[in-house]
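# A look at the structure
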Amino acid sequence: MVSSLLSLAYPDTYKHAYTIAQFFIGLVFLLSGISEFKAHRKSMAIMNFSVSLLTFFVFIFTLVVRKG
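## Focus on the pattern of salt bridges
Inspection of the entire model under this criterion finds one salt bridge. A salt bridge links R41 to E36; the nearest nitrogen and oxygen atoms lie 2.6 Å apart. Here R41 falls in the partly exposed class, since its relative accessible area comes to 45%.

## As for a nonpolar patch on the surface
A cluster of nonpolar side chains, namely I20, F23, F24, L27, L30, L31 and I34, defines an oily patch on the protein surface of about 590 Å² accessible area. By secondary structure assignment, the location of I34 is in helix α2 (residues 15-38).

## A look at the confidence of the model for the chain
Of the residues in the chain, 81% reach a pLDDT of 70 or more, and the chain-wide mean stands at 83. The least confident element of the chain, judged by mean pLDDT, is helix α1 (residues 2-9) at 69; the most confident is helix α3 (residues 42-64) at 91.

Procedures and definitions
Residues numbered from 1 in each chain as written. Predicted model: local features only at pLDDT ≥ 70, side-chain atom pairs only at ≥ 80, totals over all residues. Heavy atoms only, no water. Salt bridge = Lys/Arg side-chain N within 4 Å of Asp/Glu carboxyl O. Buried < 20%, exposed > 50% of the residue type's maximum accessible area, 1.4 Å probe, protein only. Patch = residues over 30% accessible without salt bridge, like charges linked within 9 Å, V, L, I, M, F, W, Y side chains within 5 Å. Areas by Shrake-Rupley, 256 points an atom, 1.4 Å probe, with all protein chains shown as cover. Helix = DSSP H or I, 4+ residues; strand = E, 2+ residues; numbered from the N terminus. pLDDT = per-residue confidence, 0-100.

And the structure:
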C-alpha cells in the first residue's frame, strides 16, 4: 500500500521501480488472500484481496493514465 500511495504522491520519482514493485506486491497480497481463504480466515482474506485490488488499480492507473 505504501508503494502505491508513494507512486500516486510522487509520480516522477522512481517511476519504473514503483511500477514493478506495485505489480509484485499486488501479486503477493493476492496469493496471501488465496491462502488465507483456504485456511478459512475470511476476514484476513477479504482484507488481502482489497489491498491487492487497490494495488493493481494503482498499477494499471499509472500505466494507462501517466503514459507521458
